[in-house]
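Listed here are the chains, written in short residue letters.
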Amino acid sequence: MNLQSPISSLQSPVAPSRIHILGIAVDDVLPDEAMERLAGWLAQGGPHHVVTVNPEFVMEARRNPAFRQVLHAADMALPDGVGLLYAARFLGMPLRGRVTGVELTHRLAALAAERGVRLFLLGAAPGVAEEAAAALVSRYPGLTIAGCYAGTPQPRHEPFLRQLIAAARPDVLLVAYGHPRQDMWIARNQPFVQVPIAVGVGGVFDYLAGHVPLAPAWLRRLGLEWLYRLLKQPHRWRRIFTAVVAFTWAVVTKGKAEG
Ligand code: UDP
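In this text, all values refer to a predicted model and were calculated from it rather than measured experimentally.

About the thresholds
Position numbers for residues start from 1 in each chain and track the written sequence from start to end. Reporting in this predicted model follows two pLDDT cut-offs: at least 70 for local features of residues, and 80 or more for side-chain atom pairs to be given and counted; totals over whole chains, interfaces and linings ignore these cut-offs and use all residues. The side-chain values count all of the structure's non-hydrogen atoms but skip hydrogen atoms and water molecules. Being paired, for any two strands, means DSSP has found at least two bridges between them. Strands here mean DSSP runs of E at least two residues long; helices mean DSSP runs of H or I at least four residues long; both are numbered from the N terminus. Only the contacting stretch of a helix is used when fitting its axis, a line to C-alpha atoms as for every element, and angles between N-to-C directions run 0 to 180 degrees. For this analysis, residues touch if any pair of their heavy atoms sits within 4.5 Å. The classification of residues rests on relative accessible area computed with a 1.4 Å probe and restricted to protein chains. Under 20% of the type maximum is buried, over 50% is exposed, and intermediate values are partly exposed.

Side note on the sheet that holds strand β4 (residues 76-79)
- Spatially, six strands are ordered β4-β3-β8-β7-β5-β6 in an open sheet, and the strand pairing comes out parallel. Looking along the sheet, the strands with just one partner apiece sit at the ends: β4 and β6 (144-149). Neighbouring strand axes in the sheet, compared pairwise and without regard to direction, differ in orientation by 20° on average.
- Sitting on the sheet, helix α6 (residues 101-115) is in contact with β3 (49-53), β4, β5 (118-123), β7 (172-176) and β8 (197-200), with an inclination near 155° to β7.

With respect to the pairing of strand β2 (residues 24-27)
- Burial of the side chains of β2 extends over both faces: Ile24 and Val26 are buried on one face and Ala25 and Asp27 on the other.
- Judged from the four bridges that link them, strand β1 (residues 18-21) and β2 form a sheet pairing that is antiparallel. The residue of β2 that forms the bridge with Arg18 is Asp27.
- Hairpin remark: β1 followed by β2, antiparallel, with two residues in the connecting loop; positive phi at Leu22, about 50°.

See below:
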């Protein structure tokens, strides 16, 4: 891996300020700043954990202390969901922008192709990680995929997955088991696999593989991604209700007291 480059010379960018929404940590970080930190960690090595927080994460973490602890211990908590930006503004501590898991994955793949950084894609349904990897390689020629594997987030499969990942020697491990499983998985296994950067990416492989459509940019700009998801994936209505209605209600009624 070649990290002798302008970005890696910015070894220690200042840590972003961290706010709390309903008691859950979120970093006020923009995409370029997130990439600067990631490039620094690639040069530095050592295990790091990045979480891509959205309103569903916040609601889950409020009732799941183990998940809450994992989110708080993360090295970077990216503001992924647009609902967090609205909530932060309402609570008087605005976030400057959003860093989605999809955007982060594209940027990491671009950086990886340029610098010889090795990516491992873990999770999603069988075959999807391979399709996602192929999509990334065709978009970022020269990208090295250290491995792809669906596996499962069940603890009994961990010894095998650790061996597989250790043998593949990735620099970046993308884990797509959905929340909270993917982040609990990373917290349990990073001490063993010691990948410089591990990121919980949720449904990103499904998007990259073209199995789930990404909402059009204009809807995303309006913060109406949830409406698009509701139309395209009506079976997710309960999750969308949690992210949109239950989260908004909690922020409005308890956000100022719990911030
Ligand atoms: N997934 C998996 N194994 C599981 C549960 C989920 O591989 O036991 C995958 C699933 O196939 C999908 C991703 O995890 O690719 C979860 O996507 P989702 O959009 O639900 O992510 P979230 O919104 O929770 O971040």
